[in-house]
Amino acid sequence: MSEENKVHAEVRAHASNAILHPQTPLRASDEPYTDEQLTQLNRDIDEIIGRYPVKRSALLPMLHLIQSVDGFVSGRGVRLCAERLGLSDAEVSGVATFYTQYKRHPNGDYTIGVCTNTLCAVMGGDLIFERLSDHLGVGHDETTEDGKITLERVECNAACDYAPVVMANWEFFDKQTPDSAVQMADDLRAGKDVAPTRGAAKVCSFKHVERVLAGFPDGHANEGVGAGEPSLEGLRLAHQNDWRAPGDEGGPLSEDNQRNAHQNTATTGETGGPLPGHPHSSAEGQED
């Protein structure tokens, strides 16, 4: 067989495999919600729908709400969303199967997402994923037998200045190595409190986080480091040089901004200190 024919054969094989083994469909769920679950879900759904002038706009947070109860987008969850929003099951399923944060089968207590996009891959992201996959015995979008960890390849964790980056339930673990990522996974499986590099004081469970994504705050938003030095350096330089976006004819930078752009602080140990929005910035951390 010629090289060209081999390529065509591989393409046909992949196509056949895609037909025989399509992307995981939404799992059916015949068991109805308990009265207690349904009462709480409908109460929360009422609150979510009330946030939007057009109620179908509430679908995305409602799907996160379903995941906070079922651990994935279940068939019964699809039906409930459809009933409450006046949509068809197919319309709801179409949204649920479009976005990767909506899970088509039960998710683990913790989703570990390893960025394998360009910069993270170059810095070791592929090695981290391979090591975790071997250690946990699972591949992409697969869950360990104990139900603790779901492993994912992630296109980008939006933290290239900290590559390679791993996320656990969307909390940042910066500048990781295969060993540190394995240790983090083992600690989560063991039920230990694990602190991310930035963000909340500890990694919360998948269902817990899904309720927050549905729009129900848990009080942890201002914990930990809000942004690290590499992410803030450009903003600091802009403050120091009074750089502005085109068309910005505003007056001088505020005293708070100037002070935050130049001060030395114990939180960073470097000139510049935290900037507005940082949990230790002067605007939030000083007493009157």
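## Focus on the packing of helix α7 (residues 125–136) against helix α8 (residues 178–189)
Piece 1. For the pair α7 and α8, the least separation of the axes is 9 Å and the interaxial angle reads 40 degrees. One way to sum up the angle between α7 and α8 is to call them oblique. Remark: the crossing between α7 and α8 carries right-handed chirality. Contact residues: α7 offers Leu127, Ile128, Arg131, Leu132, His135 and Leu136, while α8 offers Pro178, Asp179, Ala181, Val182, Ala185, Asp186 and Arg189.
Piece 2. The residue inventory of the contact of α7 with α8, partitioned by class, reads eight nonpolar, one polar and four charged.

## Digging into the environment of Val166
Piece 1. When you line up the elements, Val166 lands in strand β4 (residues 166–168).
Piece 2. Distance from Val166 to Val154, taken between C-alpha atoms, is 8.8 Å for residues twelve residues apart in sequence.
Piece 3. Among residues more than four places away in sequence, those in contact with Val166 are Ile112, Gly113, Val114, Ile128, Asn157, Glu171, Phe172, Phe173, Gln176 and Met184.

## Quick look at the pattern of salt bridges
Piece 1. Counted according to the given criterion, the structure contains 16 salt bridges.
Piece 2. Between Arg51 and Glu47 there is a salt bridge; the shortest N-O distance is 4.0 Å.
Piece 3. Close ionic contact of Asp146 with Arg189 constitutes a salt bridge, the shortest N to O distance being 3.0 Å. With a gap of 43 residues between them, Asp146 in the loop between β2 (142–143) and β3 (149–154) and Arg189 in helix α8 connect regions that are remote in the sequence.
Piece 4. Connected through shared salt-bridge partners, Glu229, Glu233 and Arg236 make up one network.

## Some words on the pairing of strand β1 (residues 110–115)
Piece 1. Of all six residues in β1, six are buried, a share of seventy percent or more.
Piece 2. Along β1, one buried face is formed by Tyr110, Ile112 and Val114 and the opposite face, lined by Thr111, Gly113 and Cys115, is buried too.
Piece 3. Pairing of β1 with β3, which is carried by six bridges, proceeds in the parallel orientation. Paired with Val114 across the bridge in β3 is Arg153.
Piece 4. Pairing of β1 with β4, which is carried by three bridges, proceeds in the antiparallel orientation. Within β4, the residue paired with Ile112 across the bridge is Ala168.

Thresholds applied
Residues numbered from 1 in each chain as written. Predicted model: local features only at pLDDT ≥ 70, side-chain atom pairs only at ≥ 80, totals over all residues. Heavy atoms only, no water. Axes fitted to C-alpha atoms, helices over the stretch in contact; angles between N-to-C directions. Helix = DSSP H or I, 4+ residues; strand = E, 2+ residues; numbered from the N terminus. Parallel < 35°, antiparallel > 145°, perpendicular 65-115°, else oblique. Left-handed = near helix turned anticlockwise from the far one by under 90°. Contact = heavy atoms within 4.5 Å. Nonpolar A, V, L, I, M, F, W, Y, C, P; charged D, E, K, R; others polar. Salt bridge = Lys/Arg side-chain N within 4 Å of Asp/Glu carboxyl O. Buried < 20%, exposed > 50% of the residue type's maximum accessible area, 1.4 Å probe, protein only. Pairing = 2+ DSSP bridges.

By themselves, these are just geometric observations and shouldn't be taken as functional.
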